[in-house]
Amino acid sequence: FQKASVLVQLEKFDQALMELDRLRLMMPKEAPIPILMGKIYKKLNKVEKAHFFFNLALDLEPKDTQRIKSLIDSLQNNNEFNVDLEFY
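Residues numbered from 1 in each chain as written. Predicted model: local features only at pLDDT ≥ 70, side-chain atom pairs only at ≥ 80, totals over all residues. Heavy atoms only, no water.

Taking 1.5 Å per residue as the helical rise, helix H3 (residues 32-43) with its 12 residues ought to reach 16 Å, and the 16 Å between its terminal C-alpha atoms agrees with that figure. Counting buried positions over the 12 residues of H3 gives 11, a clear majority of the element. Taken together, the buried positions of H3 are occupied by Pro32, Ile33, Pro34, Ile35, Leu36, Met37, Gly38, Lys39, Ile40, Tyr41 and Lys42. The secondary structure elements touched by the buried residues of H3 are helix H1 (2-9), helix H2 (13-26), helix H4 (47-60) and helix H5 (65-76). Phi for Asn45, located one or two positions after H3, is positive at around 60°. (Helix = DSSP H or I, 4+ residues; strand = E, 2+ residues; numbered from the N terminus. Expected span 1.5 Å × (residues − 1). Buried < 20%, exposed > 50% of the residue type's maximum accessible area, 1.4 Å probe, protein only. Contact = heavy atoms within 4.5 Å.)

Relative to each other, H1 and H2 sit at 165°, their axes nearing to 8 Å. The orientation of H1 relative to H2 falls into the category roughly antiparallel. Crossing of H1 over H2 shows left-handed handedness. Every residue of H2 that contacts H1 at Lys3, Ala4, Leu7 and Val8 is listed here: Phe13, Gln15, Ala16, Glu19 and Leu20. (Axes fitted to C-alpha atoms, helices over the stretch in contact; angles between N-to-C directions. Parallel < 35°, antiparallel > 145°, perpendicular 65-115°, else oblique. Left-handed = near helix turned anticlockwise from the far one by under 90°.)

Following this line, the structure appears as structure tokens:
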């Protein structure tokens, strides 16, 4: 996850997504992974994919419902949000 976060900071989004996809297969119940993937897709203006990953994170992490819903709302309202790379 740290490697993917560094790749995002370096704006190497495709490499970060590949790394996160591998992590998601190894650890499918970890919500920060699809959250970061959603943020990357939002930054790349791939709203449908971002929405998919935010919803996946919502299913995985009910205690952070409010934060994840605000990310989803930002997609629907087409608002820009601060793409912070750290979730926790």
